[in-house]
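# What the coordinates show
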Amino acid sequence: MAQAKNQIQVTAQWLGRRRFEAKGPSGYPLVMDSNAENGGDGSGNSPLELVIMGLIGCMGIGVTKLLEKMRQSLESLEITADGIRAGEIPHGVTEVHLTFDAKGEVAASRIWQAIKLEAEQYCPVAASLKAAIIPHLVLNGVETAPPAEVPEPE
């Protein structure tokens, strides 16, 4: 089957028990496994961990790119995700709290604008999840609430 321009093909090779090695178009291998309770050895990230890691990576890449375009001087950014899972099978993630711990000469309104744009418009991982994405911001060590109205991009 020919690969369409908007298609992303990933393959996974079974390595025994519950362990798989996957590769996407970038060619970098990634090992997935389940814990012992589910018949694995815990020798790789779980697929659900990878979904949340993908969300953090997507949001982080997009937010830093937007802040750069806004000429904001970001010195560091650490993103922590707390995924909340449903109690019933399949125990899917229903919401993800993302805490952006940013440092630098960054206007709070600008970083909130970048976070909102990524979460609602630009991040394909966020757009692919059913979970609610709830951002939090710690700017230069201070918990910072979103402005009443996040400004639209100029």
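None of the values given here were measured: they were computed from a predicted structure.

### A word on the sheet that holds strand β1 (residues 11-16)
- Ordered in space as β1-β2-β3, the three strands form an open sheet in which the pairing is antiparallel. On the outer flanks of this sheet lie β1 and β3 (29-32), each paired with one strand and no other. Within the sheet, the average angular offset between the axes of one strand and its neighbour, ignoring direction, is 25 degrees.
- The pairing of strand β2 (residues 19-23) with β3 spans four bridges and is antiparallel. Directly across from A22, in β3, lies its bridge partner L30.

### As for the pattern of salt bridges
- Enumeration over the complete set of coordinates arrives at three salt bridges.
- Between E120 and K116 there is a salt bridge, with the nearest N and O atoms lying 3.7 Å from each other. Of this pair, E120 and K116 both sit in helix α2 (residues 108-122), separated by four residues, roughly a single helical turn.
- Its relative accessible area of 57% is what places E120 among the exposed residues.

### Examining helix α1 (residues 47-69)
- Here α1 is 23 residues long and its end C-alpha atoms lie 33 Å apart, about the 33 Å a rise of 1.5 Å per residue gives.
- Regarding α1, the residues found buried are L50, I52, L55, C58, M59, G60, G62, V63, L66 and L67.
- Against β3, β4 (73-85), β5 (93-105), α2, α3 (124-128) and β6 (132-139) lie the buried residues of α1.

### Some words on the sheet that holds β6
- Spatially, four strands are ordered β4-β5-β6-β7 in an open sheet, and the strand pairing comes out mixed. Looking at which strands have only one partner, the edges of the open sheet turn out to be β4 and β7 (142-144). Mean inter-strand twist for the sheet, computed between neighbouring axes without regard to direction, equals 25 degrees.
- Pairing between β4 and β5: twelve bridges, direction antiparallel. Bridge assignment links S76 to a residue of β5, and that residue is K103.

Procedures and definitions
- Residues numbered from 1 in each chain as written.
- Predicted model: local features only at pLDDT ≥ 70, side-chain atom pairs only at ≥ 80, totals over all residues.
- Heavy atoms only, no water.
- Pairing = 2+ DSSP bridges.
- Helix = DSSP H or I, 4+ residues; strand = E, 2+ residues; numbered from the N terminus.
- Axes fitted to C-alpha atoms, helices over the stretch in contact; angles between N-to-C directions.
- Salt bridge = Lys/Arg side-chain N within 4 Å of Asp/Glu carboxyl O.
- Buried < 20%, exposed > 50% of the residue type's maximum accessible area, 1.4 Å probe, protein only.
- Expected span 1.5 Å × (residues − 1).
- Contact = heavy atoms within 4.5 Å.

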